[in-house]
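Descriptive analysis of the structure
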Amino acid sequence: MTVVGPFGLSVQDRDLTRDVQAGLDAVEAALSEAVKSDVPFITVTARHLIEAGGKRFRPLLLLLAAQFGDSGAPGVVPSAVVVELTHLATLYHDDVMDEAPVRRGAPSANSRWDNSVAILTGDFLFSRASQVLADLGPEAVRLQADAFERLVTGQILETQGPGPDGDPLHHYLDVLAGKTGSLIAASCKIGALMAGAEPRMVDTLSEFGERIGIAFQLADDVLDIASDGDESGKTPGTDLREGVPTLPTLLLQQMPADPADPEDTRLRELLTLDLADDELHAEALRLLRRHPALERARRETLRQAEDARALLAPLPDCPAKEALQALCDSVAIRTM
């Protein structure tokens, strides 16, 4: 048994392992080239998150989706570079919006330089993604544009909030489908498309990508509360500190208050306060880690991962399908 890609994804087929690892290596080399600029400072800022590492989750899914066609087709690796550059660009912008001090275990671009540099670096990466995309044909351009529109719409919906009559949890899942699911769905779809997979497989893989993308983000929500930061690469409780609602806190709000439980009462009180204060934030994080809402969030993440697995059923049995099934397990295991 060998290992390829993020999350310790175990793949038993040596040919698949070799093929996907070669693809990931090619993507990494192409990313390094894509962010080079004639202006040395831009190269430094653009390489910042690449050098910090990352899971390369979207390129991995794209390469696995390409296995359902000709995985060596010339558009496969460049399309993986496009989706990762797009993802990296959004991270620069997200860190400005969240005022995040850390990303992938390293100082975020906005904290190392400033917000203007981070925003403009994200824009630079978008421009480089567009340059690579232009050579992949009009259908790939359209898919990327649609995914990018959904991504931005999801971000705007998150900023706007659910509204007075909206269901906060339903709104949150809609935000995730846009912010996270859209680009991961596009990764699977473009990978299969560039490889010439059958249309029904392209559609199936796109649906799978969206569902596993939602599960992936929900796992991040759980990790943001439950981990010490080593696995997520972010400061624990970042969303909690910023007052951003995520699955654990939304589920807590749906649960009836228990007046006989002083910790439940105190946690609900803390969630109404400004948790920028370090002492209050630490207390809220400690109480939420012990609250049943966190376990409910874990179970919901597992359900989403199982729903993603079920979508793979129509695909032909092959090592790539087994790898995607294993990925569902790996995403879920992150929450345990």
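Please refer to the structure higher up on the page.
In this report, the structure presented in the accompanying data block is examined. (Residues numbered from 1 in each chain as written. Predicted model: local features only at pLDDT ≥ 70, side-chain atom pairs only at ≥ 80, totals over all residues. Heavy atoms only, no water.)

**Details of the overall build of the protein**
This is how the line gets drawn: Each helix is a run of H or I in the DSSP string that is no shorter than four residues. Each strand is a run of E no shorter than two, and both are numbered from the N terminus. We compute the radius of gyration over the C-alpha atoms and compare it with the globule rule, which gives 2.2 Å times the number of residues raised to the power 0.38. Classification of residues uses two cut-offs on accessible area relative to the type maximum, computed with a 1.4 Å probe and protein chains only: under 20% is buried, over 50% is exposed, and between them is partly exposed. Contact criterion: two residues are considered in contact whenever any of their non-hydrogen atoms come within 4.5 Å of each other. Surface accessibility in these figures is a Shrake-Rupley result with a 1.4 Å probe; residues are shielded only by whichever protein chains are displayed. For the purpose of counting charges, residues Lys and Arg are taken to be positive, whereas Asp and Glu are taken to be negative. His and the chain ends are not included. To locate a charge, the coordinates of NZ of Lys, CZ of Arg, CG of Asp or CD of Glu are taken.
Helix and strand content of the protein: 15 helices and four strands. Its C-alpha atoms give the protein a radius of gyration of 20 Å, within 12% of the compact-globule value 20 Å for 336 residues. Along the longest, intermediate and shortest principal axes, the C-alpha atoms of the protein span 60 × 50 × 40 Å. Across the 336 residues in the protein, those meeting the buried criterion constitute 50%. Nonlocal contacts in the protein, meaning residues at least 24 apart in sequence, comprise 72% of its contacts between residues at least 6 apart. Counting only carbon and sulfur atoms, one obtains 53% of the accessible surface of the protein, whose full area is about 15000 Å². Charge-centre separation for the protein: the mean point of 31 positive side chains lies 3 Å from the mean point of 53 negative side chains.

**Some thoughts on the layout of surface pockets**
Note the following rule: Here a cavity is any set of points on a 1 Å grid over the protein atoms alone where a 1.4 Å probe fits but cannot get out, and a pocket is any open set with protein on both sides within 12 Å along at least 5 of 7 lines; a residue lines the site when it has an atom within 4 Å of a point. Grid points are joined across faces, edges and corners, and a volume is the space filled by probe spheres set on the points. Only Asp, Glu, Lys and Arg are considered charged, only Ala, Val, Leu, Ile, Met, Phe, Trp, Tyr, Cys and Pro nonpolar, and every remaining residue, Gly among them, polar.
Of the volumes computed, that of the second largest pocket is approximately 210 Å³. In terms of lining residues, the second largest pocket is bounded by 16 residues, among which Leu240, Gly243, Thr249, Gln253 and Leu271 are the most central. Every element with two or more residues in the lining of the second largest pocket is listed here: helix H10 (238-242) and helix H11 (247-254). Among the elements that make up the lining of the second largest pocket, the one with the highest residue count is H10 (four residues). Across the lining of the second largest pocket, the residue classes tally to seven nonpolar, four polar and five charged.

**Details of the packing of helix H9 (residues 199-226) against helix H15 (residues 319-333)**
Threshold: Axis definition: a line fit to C-alpha positions, over the contact stretch in the case of helices; interaxial angles, taken between N-to-C directions, run 0 to 180 degrees. Comment on the angle field: the value is read as roughly parallel under 35 degrees, roughly antiparallel over 145, roughly perpendicular from 65 to 115, and oblique elsewhere. Take the far helix as the reference: if the near one is turned anticlockwise from it by less than a right angle, the crossing is left-handed, and if turned clockwise, right-handed.
Interaxial distance between H9 and H15 falls to 10 Å at its minimum, and their mutual angle equals 20 degrees. When the interaxial angle is binned, H9 and H15 end up roughly parallel. Remark: the crossing between H9 and H15 carries left-handed chirality. Contacts between H9 and H15 involve Leu205, Phe208, Ile212, Ala215, Phe216 and Ala219 on the former and, on the latter, Leu324, Cys328 and Val331.

**Section: the side chain of threonine 90**
Worth spelling out the cut-off: Counting of polar contacts relies on pairs of N or O atoms within 3.5 Å, with two restrictions inside protein: one atom must be capable of donating a hydrogen and the other of accepting it, and residues adjacent in sequence are counted only when both atoms are side-chain atoms.
Topologically, threonine 90 is positioned in helix H4 (residues 76-98). A distance of 2.6 Å separates a polar side-chain atom of threonine 90 from the backbone oxygen of histidine 87.

**Quick notes on the nonpolar core**
Condition: Here, nonpolar core refers to any group of buried Ala, Val, Leu, Ile, Met, Phe, Trp, Tyr and Cys residues whose side-chain atoms link them within 4.5 Å.
Grouped together as the largest cluster of nonpolar side chains are 69 residues, with contacts concentrated most on Leu61, Leu125, Phe208 and Ile212. The biggest single contributor to this core is H4, with 11 residues. Of all hydrophobic cores here, the second largest spans 24 residues; its members include Leu218, Leu252, Leu294 and Ala297.

**Regarding helix H3 (residues 57-66)**
Among the 10 residues that make up H3, 10 are buried, leaving the element largely enclosed by the rest of the structure. The set of residues buried in H3 consists of Phe57, Arg58, Pro59, Leu60, Leu61, Leu62, Leu63, Leu64, Ala65 and Ala66.

In short, geometric facts, not functional conclusions.
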